[in-house]
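Notes for the structure review
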Amino acid sequence: MTQTQSATWTRAAALADVTKLGVHTANVNGHVLALFVHEGDVYAVDNRCPHMGFPLDRGSVHGGILTCHWHHARFDLCSGGAFDLWADDVPAYPVEVRDGDVYVDLRPRHDPLEHQRRRLTDGLERNLSLVIAKSVITLVDDADDTVAPFLAGVDFGTRFRMEGWGQGLTILTVMQNLLPSLRREDRARALYQGLAAVAADTASHAPRFLVQPLPGDNMDIATLKRWFRQFIEVRDNEGAERCLVSAIRAGASPAQMADMLFAAVTDHRYIDVGHPLDFTNKAFEALDVIGWEHAAQVLTSLAPGYANAMRMEESNAWRHPIDLVDILHGCFAQIPAALAAGAASNAMWTHDAAFVDLLLGDDPRAIGDALLSALRAGATPTALAQAVSYAAALRIARFHTSNEFGDWDTALHTFTFANAVHAGLQRLAELPPAQDDYPRLLRGVFDAAMSIYLDRFLNIPAARLPEAGSNGQRQTQLPPLGDLLNQQQQVNPAGNAVADYLFHGGDVTAIRAELGRLLLREDRDFHTIQSVEAAFRQQEILGVGQEGIYILTAAARYLAAHAPTVRAQGQTYGIARRLHRGEKLFEG
């Protein structure tokens, strides 16, 4: 039995009460303890099983091992250490027997925040959602720290998935991006879902090993960019990775690295239905949070997705009955002259309804010509990309429920790709333009427009867009979206409810927070998470006018189409939350 200064000891129970049955519970200064007699000694542990809170005094001790009878978690009775890492260590306290009474020392034995940081690593390594949830709740709610768990997830996901950046890291970054739109009480839940997605996405995968830069100190960034694109062209991701780390060591700026990657990811048309470009955008957004010192590890994780991606030049739909790839290459040849004409005109270009209608039309050559004409009229690449993103969102806002359910994803891919192109072009805006050149990512605007064209069948017939209210009353009460999303087939009611609320002057911040809460209520779905974040971003740019309202209408409709789910993630998170608050999970 441990001996310490007597001033730290508190009486817990009479020794006779403990030895009578061999186990006894005692409430000491707000701690409910389980006192066990084993081989003549008395041991004290917290009576709540760290796994799910079951009372450990209902367990059993054999050979010095305490077993909880709820899920059979096993603990060293002396130290409290768990043999099952999904359960966590149980707090154990030194015991001293004096004059027939049992005394315990309740001083904390470890820093709870540091302990939860270590437990987060356990949860990621072993894909333990409950462990992740407990850790994140402590770190976010108690320490108000969202960056450290996010960094832990990005670091883990980029190291332990040989295939590189995938859905898990994208979900995590999306959740990080959504935090400012969420209510405070939903922030931990968002990061929990993102981190659980990383753990699931890396489970049973081989790790990645970072390649070393090329030897020498005089690497030319322009040459490395050219080599990088060549290696991706022939699907050599290792050579491509070495070019990336060499460029970073050579001092390439974030904008230069973005230009290198965005050029390669748009050398072929709409690769893997836009995911690699969206992943690229998310990788840079992650670096905005965790710091450029992680650039080599994060950015090289993108190369496998580039090299192995399907290219739409290989797709029948992009080649027949109209060769869209041929149309696009013809447009690309005219981009430099169109940009030069636009710069010379000094005109300010903004899209109008007629331009958007043309993008939603059924003439791909006219669409390509319209994009070039906009550039000649002074449209900036970012302004043009934003107009295409809005048109892509309208495909979702007008998506008719007579389509097959899987067709939602077709429209979603176009929208998130267009949004990623827009975000990427904004990132490249700080890069000085090269003489007689243009940001190759601009080709992605044309790709997105052709994908919108290919999605045209999804709006035949088209769902009716909500109309602005005319009664002049300001709406202050949020619509009952939670009740709607508890039912299936509430696509149109949900979209109309959001639009009606906003058209009547409702608080856009409140509706975004409510949509975010309802997104987190459902089980993790990659495309739905993508759709809501892209819609929030585009709405923030467009404001609270009609276009911004239609963007959030699209988000609500997509979310409603994919609800309700089993909501198992919410069950796990709820258990972790109740344990954190000290609530009981059992009856009796």
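Please read these numbers as outputs of a predicted model, since none were measured by experiment. (Residues numbered from 1 in each chain as written. Predicted model: local features only at pLDDT ≥ 70, side-chain atom pairs only at ≥ 80, totals over all residues. Heavy atoms only, no water.)

1. Topic: the sheet that holds strand β1 (residues 9-14)
Test applied: Here a strand pair is declared whenever DSSP counts at least two bridges between the two strands. A helix here means a DSSP run of H or I that spans at least four residues, while a strand means a run of E at least two residues long, and both kinds are numbered starting from the N terminus. Comment: axis = line fitted to C-alpha atoms, over the contacting stretch for helices; angle = value between 0 and 180 degrees taken between N-to-C directions.
The three strands are arranged β1-β10-β9 in an open sheet whose pairing can be described as antiparallel. The open sheet has two edge strands with one neighbour each: β1 and β9 (95-98). Between one strand axis and the next, the sheet turns by 35° as a mean value, whatever way the strands run.

2. Notes on the pattern of salt bridges
Threshold: Any carboxyl oxygen of Asp or Glu that lies within 4 Å of a side-chain nitrogen of Lys or Arg is treated as forming a salt bridge with it. Buried means the residue's accessible area, taken with a 1.4 Å probe over protein chains only, is under 20% of the maximum for its type, while exposed means over 50%, and partly exposed covers the values in between.
A complete count under the given rule lists 31 salt bridges for this structure. Linking Asp201 and Arg161 is a salt bridge whose minimum nitrogen-to-oxygen distance equals 3.4 Å. Of the two residues, Asp201 sits in helix α6 (residues 187-202) while Arg161 sits in the loop between α4 (147-159) and α5 (167-178), which places them 40 residues apart along the sequence. Each member of the pair Asp201 and Arg161 is classed as buried. Of the charged contacts, one joins Asp447 and Arg269 as a salt bridge, the two residues approaching to 2.7 Å between their closest N and O atoms. Placement of the pair is Asp447 in helix α18 (residues 442-454) and Arg269 in the loop between α9 (254-265) and α10 (275-290), with a sequence separation of 178 residues. For the pair shown, Asp447 and Arg269 are each scored as buried. Residues joined by salt bridges that share partners form a network here, namely Asp88, Arg119, Asp122, Glu125 and Arg126.

3. Considering the packing of aromatic side chains
How we decide: Whether two aromatic rings pair depends on their centres lying within 6.5 Å, for rings of Phe, Tyr and Trp, where Trp uses its six-membered ring; planes under 30 degrees apart make the pair stacked, over 60 edge-to-face, and the rest tilted. Only when the NZ atom of a Lys or the CZ atom of an Arg is both within 6 Å of the ring centre and within 35 degrees of the ring normal do we say a charge sits over the ring.
Enumeration over the complete set of coordinates arrives at 14 aromatic pairs. Judged by centre distance (6.5 Å) and plane angle (20°), the rings of Phe284 and Trp292 are stacked. When its relative accessible area of 1% is taken as the criterion, Phe284 is described as buried. Residue classification places Trp292 among the partly exposed residues on the basis of a relative accessible area of 26%. A connected cluster of aromatic rings, assembled from ring pairs, spans Phe262, Phe284 and Trp292. A cation over an aromatic ring shows up here: Arg98 above the ring of Tyr103, its NZ or CZ 4.6 Å from the ring centre. Taking NZ or CZ as reference, Arg512 lies 4.6 Å from the ring centre of Phe536, over its face.

4. What about the nonpolar core?
The following threshold applies: For the purposes of this section, nonpolar cores are sets of buried Ala, Val, Leu, Ile, Met, Phe, Trp, Tyr and Cys residues that join through side-chain atoms within 4.5 Å. Working rule for contacts: check all heavy atoms of both residues, and any pair within 4.5 Å makes them a contact.
Core analysis: the biggest nonpolar cluster contains 163 residues, and Phe228, Leu299 and Phe446 have the highest contact counts within it. Not counting residues within four places of it along the chain, the set of residues in contact with Leu299 comprises Leu244, Ile248, Met257, Leu261, Ala283, Phe284, Leu287 and Trp292. Of all hydrophobic cores here, the second largest spans 16 residues; its members include Phe36, Leu77, Val90 and Ala92.

5. So, the pairing of strand β10 (residues 101-105)
The buried count for β10 comes to five of five residues, which makes it a mostly enclosed element. Alternating residues of β10 divide into Asp101, Tyr103 and Asp105 and Val102 and Val104, and every residue in both groups is buried. The pairing of β1 with β10 spans five bridges and is classified as antiparallel. In the strand pairing of β10, Thr10 is matched with Val104. For β9 and β10, the ladder comprises four bridges, and the chain directions are antiparallel. Residue pairing for β10: Glu96 is matched across the bridge by Tyr103. Hairpin connection, β9 to β10: the antiparallel pair is bridged by two residues, and Asp99 has positive phi, about 50°.

6. Remarks on the layout of surface pockets
Quick note on the threshold: A cavity here means a set of 1 Å grid points, computed over protein atoms only, where a 1.4 Å probe fits but cannot escape. A pocket is an open set with protein on both sides within 12 Å along at least 5 of 7 lines, and lining residues have an atom within 4 Å of a point. Grid points are joined across faces, edges and corners, and a volume is the space filled by probe spheres set on the points. Each residue gets one of three labels, nonpolar for Ala, Val, Leu, Ile, Met, Phe, Trp, Tyr, Cys and Pro, charged for Asp, Glu, Lys and Arg, and polar for the others, Gly among them.
By volume, the largest pocket is sized at about 1200 Å³. Forming the boundary of the largest pocket are 37 residues, of which Asp46, Arg48, Pro50, Asp89 and Pro91 lie nearest the centre. Sorting the residues of the lining of the largest pocket by element identifies β3 (31-38), β8 (92-93), α2 (112-126), α3 (129-142) and α24 (568-581) as the ones contributing at least two each. If you tally residues by element for the lining of the largest pocket, the top one is α2, at four residues. By residue class, the composition of the lining of the largest pocket is 16 nonpolar, eleven polar and ten charged.

7. Description of the packing of helix α17 (residues 407-428) against helix α22 (residues 526-542)
So the rule is basically this: The labels follow the angle: roughly parallel below 35 degrees, roughly antiparallel above 145, roughly perpendicular from 65 to 115, and oblique for the rest. Handedness of each helix crossing follows the sense of rotation of the near helix against the far helix: counterclockwise by less than a right angle gives left-handed, clockwise gives right-handed.
Between α17 and α22, whose axes approach to 10 Å, the crossing angle comes to 45°. Comparing the axis directions of α17 and α22 gives the class oblique. Our pair here, α17 against α22, has a crossing hand that is left-handed. Counting all contacts with α17, which are made through Asp409, Leu412, His413, Phe415, Thr416, Asn419, His422, Ala423 and Gln426, the residues of α22 involved are His527, Gln530, Ser531, Ala534, Ala535, Arg537, Gln538 and Ile541. Residues that form the contact of α17 with α22 fall into these classes: six nonpolar, nine polar and two charged.

8. Some remarks on the side chain of Asp84
Test applied: Under this definition, polar contacts are N or O atom pairs within 3.5 Å; protein pairs additionally need one hydrogen-donor-capable and one acceptor-capable atom, and for neighbouring residues in sequence, both atoms have to be side-chain atoms.
With respect to the helices and strands, the residue Asp84 is situated in the loop between β7 (74-76) and β8. Side-chain polar atoms of Asp84 contact the side chain of Arg74, separated by 2.8 Å. Not counting residues up to four positions away in its chain, the partners in contact with Asp84 are His72, Ala73 and Arg74.

9. Details of the sheet that holds strand β6 (residues 65-67)
Sheet architecture is open: three strands sit in the order β5-β6-β7, paired in antiparallel fashion. Among the strands making up the open sheet, the edge pair consists of β5 (60-62) and β7. Pairwise comparison of adjacent strand axes, ignoring direction, gives a mean angle of 30° for this sheet. Two strands pair when backbone bridges link them, and β6 and β7 are joined in this way by three bridges, in the antiparallel orientation.

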